[in-house]
Amino acid sequence: MSHGVVTPGDSIRERAANAIDDPVLQQAMRNLDVRLPTARIVADHLPGLKDRAAALRRETLADLPGWLDRAEAALTALGVHVHRAETPEDARRIILAIASEEHLTRAVKSKSMATEEIDLVDALEGAGIEAVETDLGEYIVQVAGERPSHMIVPAIHKTLEQIADVLETRADGPLPADSEGLTAWARDHLRARFLAADLGVTGANFVAADTGTIVLVTNEGNGDLCTIIPRVQIAVVPVEKVIARFADLATLLPLLTMSATGQRISNYVTMINGPRREGEIDGPEVLHVVLLDHGRTRLVGTAYEDMLACIRCGACLNVCPVFRRISGHAYDAVYSGPMGKVLTPLLSLAGTEGRDLPEASTLCGACTEACPVEIPLADLLVRLRADLRRPGAVDPLPSPSRPAVSSRGSRSRSPAARLPGEGFDSRVWRLPLASRPAPWTRRRVAFTVWARIWARPDGYRVSTRAARIASLALGRRWTRWSLPGIRAWTETRDGPLPAGHSFRSRWDKRERGAQRW
Amino acid sequence: MPDVALFVTCVVDQLVPEVGVSTVRLLEAAGCRVEFPAAQTCCGQPASNAGEPEAAALLARHLVEVFEPYEVVVAPSGSCVAMVHHWYERLLSGRDADRARALAAKTHELASYLADGLGTIDVGATIDATVTVHDACHGLRSLGVRDAPRRLLAAAGATLVELPESETCCGFGGTFALEHGEIAAPLADDKLRHAATTGARWLVSGDTACLLHLEGRRRRTGIGPEPVHFAQLLASGLPAGAR
Amino acid sequence: MVTEAGAASTFLAAAARNGMVGYGPCSPEEATQIAVECATSAAQGRRVAVPTADPLVEHLGLRAALAWAGASLLASSDLDWDSEIGDAGVGVTGAGAGIAATGTLVLSCGVGRPRGTHIIPPAHVCLIRVGDLVGTIEQAVRRQAGEPHPSNVSWVSGPSRTADLEMQLTIGVHGPKRVDVIVVA
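Everything numeric in this text was worked out from a predicted model, so none of it was measured.

K.L.:
What is the right way to read the sheet that holds strand 5 (residues 206-208) of chain A from this model?
P.N.:
Pairing between sheet strands relies on hydrogen bonds along the backbone, with the strands arranged either parallel or antiparallel. Overall, mixed pairing links the eight strands, which are arranged 8(A)-5(A)-6(A)-9(A)-9(C)-6(C)-5(C)-8(C) in an open sheet. The open sheet has two free edges, formed respectively by strand 8 (242-243) of chain A together with strand 8 (133-134) of chain C, since each of these has just one partner strand.

Okay, structure coming up:
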């Protein structure tokens, strides 16, 4: 992989520490603060839309293979060549075969996380095809040799000065470090690539199963150009992008754009219904759709099915306190932020990627609250923490048709008063937690021993007494000592010590009639 | 005069018992008779969040058993109450899950119990200070606790200044604070810096663990107002002489 | 029921918020005159790209009016369209529908209505009949769902923009830097 290392480190912990120690990155990330309220804007401007969208997404997931077949039939009827790719390798092979058959040499790309998943730009360039990212942010990270750090704002980790430095490597002279000047230069520079391209590569925000419509959402207009100018278009479409009906766009489109950028609608929504038709003078003569599975359909019917409802709006990244500090590259994965922490280990066919990501969350629930399609991200993170310690845990869990664990009927709130993550009856809790045994690691032994002791009142009393006596002897409530087990705490914060007298001992004193307790 | 069983939480019991004492004083000021079931220990959240649901279930089952006989359970922690509400029925199965649901239905976070459950906005305390409120995450997002502490503090005469990004996490996150100090500390800095801009004397919140994390950081940097549990601050304004 | 005047003012207000320059509602004659002025001023001596089968453009006689005003036209029937569209100064189109709430133009392609007219040149002049405005995105989707689907439909809600550089809103990335929209009564 040619992607440069931007935030070095062997673990999320090391990379996070490096990201936080990078003052320029920290300065750049403050620019994201303006996106913090997008979730609230959705709630204020589009009441009820979240519920409808969540239900629509689950409707397709409930029969994903069926909707995919319907989408394939509709696309084929429009004259689109549909391919199914199980793995990134399959997808690359299919696309390179098309390129070779059509003698394609110059590709322009619009933004697509699916093409990041399959490292398509590298594959095209390896086959001698010039491939240019045309979304401005994507172009910047491509020139820098990096990955996008945010799925909506790919170069959010860079300051204007850094961006000017990056783009100057492709310019004839110095570039101004202002957004107008850099944008104008990029427009002129990329214009020539658009006009010369014979291949347009896009993703898809949605594909309607009834009409075969491929929907692209952009603000720059590069999606339109990628499908209008080149002779051949290839859309790489992850399988969960399929929606049941064209009419569902009425709900999903405004929800996507408002969650992503706070706009009621993006500047350009491009709806493609097959290649150019008889008598038309532009648009792709040949249109291919590559349906990318990459471990997705195996999640259907598992506790993690909800993750496939994701519409890639980035709202969970914008509100995540951890993401806002460490930025996307610290995750060392295609997808970052809360959804990336869940999706990366789930998509890892080898089962090796992103296993430490779910730990790097405060479980504050801001992501669950922000998610416009009601994915219980914080719950999924907790469940993953448990399941990733169990062998083969990300494989489908047994029997999705198993009777529901809970009816969730215990609290009767009106829909308006519902709390984040409560709205949708997620599969994550229809399957029992800990459905398979975990191996006895040191960590598990420690937690089990602790729980066994503390599940008994006398065990709790005896085990806490020693700590309190030590603390009484010290006569202090805070320590700076780097004690084993709390080192990561005391490196950065004073650590609290037990009070000399616990609440229960003071309560006992009161029960004995003491006035001051 | 409602009977209330105090679920004091292990953090308060062991680390800041003053919060427990203040909770009792507030509940009594609001006319409750407080009982303290001595067999209670910990809700099990550290194990649950660490991905050790079996260990968490041991503690959950114990807590359910301890509080089953009581009518109303109140805790000075949004997070521990959220654990009971959101997680217990999922950690336990069968009849235990039913018992967990029954416990959740009668378990309340302190501020919302006073303000919403009892309708007691004025507990008779007087606070002459400027305060700013941090909405601790689990109370806010799992229980919907937002206005209650503000209303109680305002009724006591405190001057409330809104905290910028009051709903953003302080970086504690349970085991996260122990395992990811590199992120937890800067998030505490953000919170303390925001609090410092308000000019408040106190940074008030409803979860002791978050407050200890913030105070631990503040003791290193000297930035920001003193973090304090709202129960402790509010009870400090009660007239002397309450038992 | 939304009145046409109400829809037009809602549409123009939303279009202005999106950074488009709005005119009208005006008579067909006025609309033609404004379109010609907008197009010739945006073209800056370069060619004016115009479809040959756009119902509204044809209805207004806009191609003839542009030619009369001295504009150099690049018509979609011209054999050099492909090689010249990249150098055109402005594209002129009608919109088959518009969304009042969001200030959105709905542009459908077809024979004699190429996809590139509105997006390849650096400026776009668009005409829309007030009667073709619908209120909301939902209504627009429903209407579109019930009609035959052209090979390409573009919804345009303003000049091309980006916030990729330090989240600063910047106009005119790949598509038009200026969009004039004229509502025809």
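Additional details are given in the paragraphs that follow.
K.L.:
Mind showing me how you'd approach helix 19 (residues 442-454) of chain A here?
P.N.:
In a regular helix each residue adds 1.5 Å, so 13 residues correspond to 18 Å; helix 19 of chain A covers 18 Å between its end C-alpha atoms and thus fits that length. Along helix 19 of chain A, the residues classified as buried are A:Phe447, A:Trp450, A:Ala451 and A:Trp454. Seen along its axis, helix 19 of chain A keeps its buried residues to an arc of 95°; they face one direction. Opposite the buried face of helix 19 of chain A, at more than 90 degrees from it, the exposed residues are A:Arg442, A:Val445 and A:Val449. Buried-residue contacts for helix 19 of chain A involve helix 20 (457-474) of chain A together with helix 3 (45-49) and helix 4 (53-67) of chain B.

K.L.:
Whenever I open this one, the interface of chain A and chain C confuses me. Can you help?
P.N.:
Interfaces are often sized by the accessible area lost when the parts come together. With 51 residues of chain A at the contact, the number on the chain C side is 41 residues. Breaking the side of chain A that touches chain C down by element, the ones donating at least two residues are helix 9 (136-144), helix 10 (160-168), helix 11 (179-196), helix 12 (222-228), helix 13 (249-261) and strand 9 (268-272) of chain A. If one sorts the elements of the side of chain A that touches chain C by residue count, helix 11 of chain A sits on top with seven residues. A class-by-class count of the residues in the side of chain A that touches chain C yields 25 nonpolar, 17 polar and nine charged. Here strand 9 of chain A pairs with strand 9 (residues 152-156) of chain C via five bridges, running antiparallel. When the sheet's bridge partners are listed, A:Val269 is paired in strand 9 of chain C with C:Trp155.

K.L.:
Please explain the sheet that holds strand 12 (residues 178-184) of chain C as it appears in this structure.
P.N.:
Residues and elements named next belong to chain C. Pairing is parallel across the open sheet formed by six strands, whose spatial order is 1-12-7-4-2-3. The open sheet terminates on both sides in strands that have one partner only, identified here as strand 1 (21-26) and strand 3 (73-75). On average, each strand axis in the sheet is inclined to that of its neighbour by 20°, with strand direction left out of account. Relative to strand 4 (residues 90-94), strand 2 (residues 48-50) runs parallel, the two sharing two bridges. Of the residues in strand 4, the one forming a bridge with Val48 is Val90. Helix 1 (residues 4-17) rests against strand 1 and strand 12 of the sheet, and its axis sits at about 170° to strand 1.

What counts as what
Residues numbered from 1 in each chain as written. Chains lettered and ligands numbered in written order. Predicted model: local features only at pLDDT ≥ 70, side-chain atom pairs only at ≥ 80, totals over all residues. Pairing = 2+ DSSP bridges. Helix = DSSP H or I, 4+ residues; strand = E, 2+ residues; numbered from the N terminus. Expected span 1.5 Å × (residues − 1). Buried ≥ 20, exposed ≤ 12 C-beta atoms within 10 Å, placed from the backbone. Arc of directions from axis to C-beta. Contact = placed C-beta atoms within 7 Å. Nonpolar A, V, L, I, M, F, W, Y, C, P; charged D, E, K, R; others polar. Axes fitted to C-alpha atoms, helices over the stretch in contact; angles between N-to-C directions.

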